[in-house]
Amino acid sequence: MKKEVNTVIIGAGICGLSVAHFLSKKRSDFLILEASNLTGGIIQTKIENDFICENGPNTVLLNNDAIEEIIKDYELWEDLQFPKETSNKNRYVLHQNKLTKIPLNPIRFIFSPLFSFISKFRILREPFIKSHKKNTSVFEFVKKRFGKEFHDQLIEPFITGIYAGNTRKMSAEHTLKLLWKLEQSHGSIIRGALKSKKDKKSKINSFNFPKGLSQLTSKIAESMGDKLVLNYKVQQIIKSDNGYEIISESGKILCKEIICSVPAYSLRNFIDDRSLISELDKIIYSPVDVFHFGFEKKNIQNKKQGFGVLTKPSDGKSYLGIIFNSRIFNYVSPKDKELFTVLVGGERQKHLCEMKPIKLKQLILDELEDLLGHKGETIIDNHYRWAKGIPQFNLDHSDLLNAIEDFKNSHSNFHLIGNYFNGVSVSDCIQKSRDLVKILN
């Protein structure tokens, strides 16, 4: 098979699908190639016995124009489901083996049992601490500005909940982008936050859909029709005089432009840029195991409402965090039942992701039932293993960005996009996808 097309999008995850959608508003001469038989990438919803389980992200931030646009384009705006107010207000960490609220305002912080008096008083020094002159680790950045206890009790579990990474290796500049910018532009995070608050228009909310986040990716995929080709495994990309040749077992595709949205570990297999391959190989993808458990509501003693709980290394738990799905959204489980998602692994628990799932499941279930005070039947217990889950923005991240820039300069009309450098959140991916399409001819 030999085919010619103007533009080829490689990968049908959220980045590839978003690029395809925004590109379809400008022109129609493109193809999307997906190596597997599924679209959606990290967004994978599974529905079982009326329980709506997310193997990937459980909510998405409604924080930019691009995500609003794509939702409206697929007539899903009226379907948006927002978390209960209690789940936004109540987010927990473990403290002395008990659910303890994360302080989300100054009053809560003052009375929080998470911090000693010295740590609380130390916060007042933050505006007088000099800014960093060069990038540093998340651990060193937070310790310098707020103290080690603030890092250990709050920032480490919070960052672990997003990246499942090691804060002593993660880049402050690229992981804590907002805090880094506040420090660099205002000389203080607190001072910068107070000034930014005056300009803040409205509260940023998160959302899901009645049938899960796959509702959006499925709609986009369906709209592409025969422009979407599944089970197409790219083997090699060769630069030619008129563009690029994409080689696979199925044949050859000639194109003028490539937009590649695959993970770093896939991209490295079919490009010929040794410098970029070297940097791609350094990227750590933290493994994550996802467990879903459904229980009878009447069998659960712990009724605390909230979004979920995060853990820190000192807690000695076998999980990174637990999401209280049915306490965030009513519709994700039958009325008389509850759904919980347990996240395991990351950089600090890699060994757990090497265990046999059935053995790990029992270990996790015992700890979950102890926390919830649950006794009784487990109605559903799903498991999904992301062997290569979340890409880490570690201290050498700038080297990757420089290598990508060099690649772009030497490979005209070969564009890269993906969560390994553009931002790990779904909303970041959609925003960057639209930004990319805007600069295309």
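Residues numbered from 1 in each chain as written. Predicted model: local features only at pLDDT ≥ 70, side-chain atom pairs only at ≥ 80, totals over all residues. Heavy atoms only, no water.

Draft legend 1. Broad picture of the state of the cysteines. On inspection of all chains with the given rule, the structure shows zero disulfides. With no disulfide of its own, Cys 53 lies closest to Cys 353 among cysteine sulfurs, the gap being 18 Å. Of the residues examined, Cys 53 reaches a relative accessible area of 1% and is grouped as buried. (Disulfide = S-S within 2.5 Å. Buried < 20%, exposed > 50% of the residue type's maximum accessible area, 1.4 Å probe, protein only.)

Draft legend 2. Examining helix α17 (residues 426–439) more closely. Between its first and last C-alpha atoms α17 spans 21 Å; for 14 residues at 1.5 Å apiece the expected length is 20 Å, and the two agree. Among the residues of α17, Val 426, Ser 427, Cys 429, Ile 430, Gln 431, Ser 433, Arg 434, Leu 436 and Val 437 are the ones counted as buried. Residues of α17 that are buried sit in contact with α1 (14–24), β5 (60–62), α2 (65–73), β12 (251–260) and β18 (414–416). (Helix = DSSP H or I, 4+ residues; strand = E, 2+ residues; numbered from the N terminus. Expected span 1.5 Å × (residues − 1). Contact = heavy atoms within 4.5 Å.)

Draft legend 3. Broad picture of the sheet that holds strand β15 (residues 321–323). Read across the open sheet, the seven strands follow the order β7-β6-β14-β15-β16-β13-β17; overall the sheet is mixed. Looking at which strands have only one partner, the edges of the open sheet turn out to be β7 (98–101) and β17 (378–391). Averaged over all adjacent pairs, the angle separating strand axes in this sheet is 30°, with direction ignored. Sheet topology note: the strand β6 (residues 92–95)/strand β14 (residues 308–310) ladder contains two bridges and is parallel. In the strand pairing of β14, Tyr 92 is matched with Val 309. (Pairing = 2+ DSSP bridges. Axes fitted to C-alpha atoms, helices over the stretch in contact; angles between N-to-C directions.)

Draft legend 4. Region of the structure containing unusual backbone geometry. Look at Asn 49: it is not a glycine, yet its phi comes out positive at around 50°. Tracing the sequence through the fold places Asn 49 in the loop between β3 (45–48) and β4 (51–54). With a phi close to 65°, Asn 413 is a non-glycine residue in the positive phi region. As for its position among the elements, Asn 413 is in the loop between α16 (397–410) and β18.

Draft legend 5. Inspection of the packing of α2 against α17 at higher detail. One way to put it is that α2 packs onto α17 with a least axis distance of 8 Å and a crossing angle of 90°. As summarised for this structure, α2 and α17 are arranged roughly perpendicular, according to the angle between their axes. Packed against α2, whose contacting residues are Asp 65, Ala 66, Ile 67, Glu 69 and Ile 70, the element α17 presents Ser 427, Ile 430, Gln 431 and Arg 434 at the interface. A class-by-class count of the residues in the contact of α2 with α17 yields four nonpolar, two polar and three charged. (Parallel < 35°, antiparallel > 145°, perpendicular 65-115°, else oblique. Nonpolar A, V, L, I, M, F, W, Y, C, P; charged D, E, K, R; others polar.)

Draft legend 6. Quick peek at helix α15 (residues 357–372). In this model α15 runs 22 Å from its N-terminal to its C-terminal C-alpha over 16 residues, within 8% of the 22 Å that 1.5 Å per residue would give. Those residues of α15 that sit buried are Leu 360, Ile 364, Leu 365, Glu 367, Leu 368, Glu 369, Leu 371 and Leu 372. Just downstream of α15 lies Gly 373, where phi reads positive at about 65°.

These figures come from the coordinates and say nothing about function on their own.
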